[in-house]
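So you can see what is in the structure, the chains are spelled out below.
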Amino acid sequence: MIQLEQLSKFYGSDHDAICALNNVDLTVPKGSITGVIGVSGAGKSTLIRCVNMLERPSSGRVLVDGQDLTQLDAPALRKARHDIGMIFQHFNLLDSRTVYQNIAFPLELMGFDKNAMKERITPLLELTGLSDKKDRYPSALSGGQKQRVAIARALASRPKVLLCDEATSALDPQTTSSILELLREINQELGLTILLITHEMEVVKSICDSVALISGGELVETSKVGPFFTAPSTKLGREFLEEFLRIDPPKSLLDRLSSDGSDKPYPVIRIIFNDENVASPLISQLARSFELDISILQAKIEDIQGHTLGLMIAEFRGNAAHIEKALARLSDMQLSTEVLGYVD
Amino acid sequence: MSTDMMALIGHATLQTLYMVLISGIISGVLGLALGLALYVTRPGQILAYRPAFLVTSAVVNIGRSIPFIILMVAIVPFTRLVVGTSIGTNAAMVPLTIAAIPFVARLIEGALNEISPGLIEAAQAMGATPKQIVTKVLIPEARGGIITSITITIVTLISYSAMAGAVGGGGLGDVGIRYGYNRFEPLIMLVTVAILVIMVQGVQMLGDSMVKRANHK
Ligand SMILES: Nc1ncnc2c1ncn2[C@@H]1O[C@H](COP(=O)(O)OP(=O)(O)O)[C@@H](O)[C@H]1O
Ligand SMILES: [Mg+2]
């Protein structure tokens, strides 16, 4: 539904131009939810703003439903934009208009009459749960409600795709999940194709089918969400995953922990595991085979759209040579392990 | 105070109101247009056009830097062309209006600058034309700021009209100078000043309440 081909974007003049996007290729299949994730300044906003030409690409093509938007003149582009809804981090509602009037805005632009507008808006108010707030002004709404209005407004023109620029970044975790749920619902019920950008793995985890990792204006990794979370193929992918799985070891452990193994013999190890190497049999196997006492100090298990992903911090006690072997076994199994320190 | 005096002051009050109202309306409309032009033609804006922006901006700056007293004298030929005379209340309105236009334009531009650029982008993303952005986003969203700008302008016009009055334009300023100052009648001076104060207060209060109603922030 959306195809970006060799998309590049430079800001500034020729010699000291900043390259915000570098030959990006990305395909967003019809009906999918695709996420682009990256750190701040990676080029996420630039990428999504190029899709509806809020930012003119320096080179490359942007195809939405087969139409190359870079080739359109102003009137044709305005028409094409009716098929592309967009929501923003800071909602961008018109303060001078009520909820209802905000949702009516795109329809006014398209020349709808009052009755036709009402026919469109009423179901949208229901879908977004705003029926009882339709005459309120945005100033009297919470962040989550504002984003719901923005979603209803974006859907009013019945677009084929919805672009979400950090749509939940200004919301608290609970509101975030209700907005994500709404987006999921819209995707499933209306078959709307969604492209979203975010810096939060949580967002990708909850609703995306596919994910593209962007760094320094380049897409470094593109994959389905399951594999991305269980086995990212790039270093940056692993970093994002680690940050996502991050647990802070308790202070009592940190106090005992020494970075030097010469005076304290027993390692504390962090293991990331997934579907294929489920943790519990693994730990008991290691304990048995190498005659170790393994105590799990902390663990976290995430369900990523049906795939299991976990992180564990465990203390290995026993004969030094056996510990060596157990660690070697773990690394043979391609598990991501790290020695955090040593205890006695 | 004699009834003659009271009639004189009453007449002068009406003259002042008339001058301020007419020049306020004309400069409000033209200043709004000029302020919008400044805003939309600025580089990076929806109708970015550098030459137009630079010229408009320069004209506005020149207009704002000429002292009112000098402007009044300098445009006498123009005033004559427009109202057929260079003295009297009608003649005083011409320089008042000319002086107020660039003043309004800058205030309006400032009010427009308060609008979040995100709103304009959202409208563009929905396929709005520049004209639709002006009429459906810029003006309604800046409504409070626009009313504030007009209020400030009218208050300024009230005091400027007193100056214009002193050089043959009539109105309260004229009465204040001729009777209150030249003939040293403190009561008349006091009354004219009091009426001006009440006018300013009234305009300010009206403006404030309108802004309050316009803003849903
Ligand atoms: N209008 C602009 N002018 C100049 N540089 C910009 C502009 N917008 C973004 N950039 C630069 O492009 C890079 C990518 O920005 P952006 O797409 O906003 O990143 P993200 O959304 O991932 O935080 C950054 O280095 C940023 O400073
Ligand atoms: Mg951004």
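Please read these numbers as outputs of a predicted model, since none were measured by experiment.

What counts and how
- Counting starts from 1 at the beginning of each chain's written sequence and moves along it residue by residue.
- By the order in which they are written, chains take letters starting at A while ligands take numbers starting at 1.
- The predicted nature of this model means local features are confined to residues of pLDDT at least 70 and side-chain atom pairs, given and counted, to a pLDDT of 80 or more, with totals for whole chains, interfaces and linings taken over all residues.
- Excluding hydrogens and water, the side-chain values take into account all heavy atoms of the structure.
- UniProt positions are given in the numbering used here, feature names are shortened, and annotations may be inferred rather than shown by experiment.
- Helix and strand assignments follow DSSP, with helices taken as H or I runs no shorter than four residues and strands as E runs no shorter than two, numbered in order from the N terminus.
- Nearness is judged by heavy atoms alone; a residue qualifies as near a molecule or strand once a single heavy atom is within 4 Å of it.
- By the criterion applied in these results, polar contacts are pairs of N or O atoms within 3.5 Å in which, for protein atoms, one can donate a hydrogen and the other can accept it, and in which residues neighboring in sequence qualify only through two side-chain atoms.
- The residue classification treats Ala, Val, Leu, Ile, Met, Phe, Trp, Tyr, Cys and Pro as nonpolar and Asp, Glu, Lys and Arg as charged. All others, Gly included, are polar.
- Residue ranges labeled as domains rest on an automatic or database domain assignment.
- Note on contacts: a residue pair is in contact if any heavy atoms of the two residues lie within 4.5 Å.
- We define buried area as the total accessible area lost by two parts upon association, computed with a 1.4 Å probe and summed across both.
- Here, a salt bridge means any side-chain nitrogen of Lys or Arg that lies within 4 Å of a carboxyl oxygen of Asp or Glu.
- In this analysis, strands are considered paired if DSSP registers two or more bridges between them.
- Comment: axis = line fitted to C-alpha atoms, over the contacting stretch for helices; angle = value between 0 and 180 degrees taken between N-to-C directions.

Student: Before we go on, may I ask you to explain the UniProt feature "domain: ABC transporter" (unreviewed entry) in chain A in this structure?
Tutor: The feature "domain: ABC transporter" (unreviewed entry), as given by UniProt, occupies residues 2-241 of chain A in the numbering adopted here. Helix makes up 38% of residues 2-241 of chain A and strand makes up 26%, while its end C-alpha atoms are separated by 27 Å.

Student: Teacher, can you tell me more about the site of ligand 1 here?
Tutor: Residue and element names in this part refer to chain A. With respect to spatial proximity, the complete set of residues near ligand 1 consists of Y11, I18, A20, V39, S40, G41, A42, G43, K44, S45 and T46. Separating an oxygen atom of ligand 1 from a backbone N or O atom of G43 is a distance of 3.0 Å. Among the elements that take part in the shell around ligand 1, helix α1 (residues 44-51) stands out by supplying three residues, more than any other. Residue composition of the shell around ligand 1, by class: five nonpolar, five polar and one charged.

Student: Which parts of the structure should I look at to understand the domain arrangement of chain A?
Tutor: For interface size, the figure often reported is the accessible area lost on association. Residues and elements named next belong to chain A. Partitioning chain A into domains gives domain 1 (2-233) and domain 2 (246-343). For domain 1 versus domain 2, the distance between C-alpha centres works out to 41 Å. Between domain 1 and domain 2, the residue contacts involve nine residues of the former and eight residues of the latter. Roughly 650 Å² of surface becomes buried between domain 1 and domain 2 when both sides are summed, with 57% attributable to carbon and sulfur atoms. If you look at where domain 1 meets domain 2, you find one salt bridge. When the shortest N-O distance is used, the salt bridge between K205 and E302 registers 2.8 Å. One can count one residue pair in polar contact (both at pLDDT 80 or more) joining domain 1 with domain 2.

Student: Could you clarify how one ought to interpret the UniProt feature "transmembrane region" (unreviewed entry) in chain B in this entry?
Tutor: In the numbering used here, UniProt assigns the "transmembrane region" (unreviewed entry) feature to residues 20-40, 52-75, 146-167 and 187-207 of chain B. Taken end to end, residues 52-75 of chain B comprises 88% helix and 0% strand; its first and last C-alpha atoms sit 24 Å apart.

Student: What should I look at first to understand the sheet that holds strand β7 (residues 161-165) of chain A in this one?
Tutor: The strands making up a sheet are joined through hydrogen bonds of the backbone, oriented either antiparallel or parallel. All names here are of chain A. Across the sheet, which stays open at both edges, the six strands sit in the order β6-β7-β8-β3-β9-β10 with mixed pairing between neighbours. This sheet does not close on itself; its edge strands, each paired only once, are β6 (84-88) and β10 (218-224). Sheet twist, expressed as the mean angle between neighbouring strand axes with direction ignored, is 15°. Examined bridge by bridge, β7 and strand β8 (residues 193-198) share five bridges and lie parallel to one another.

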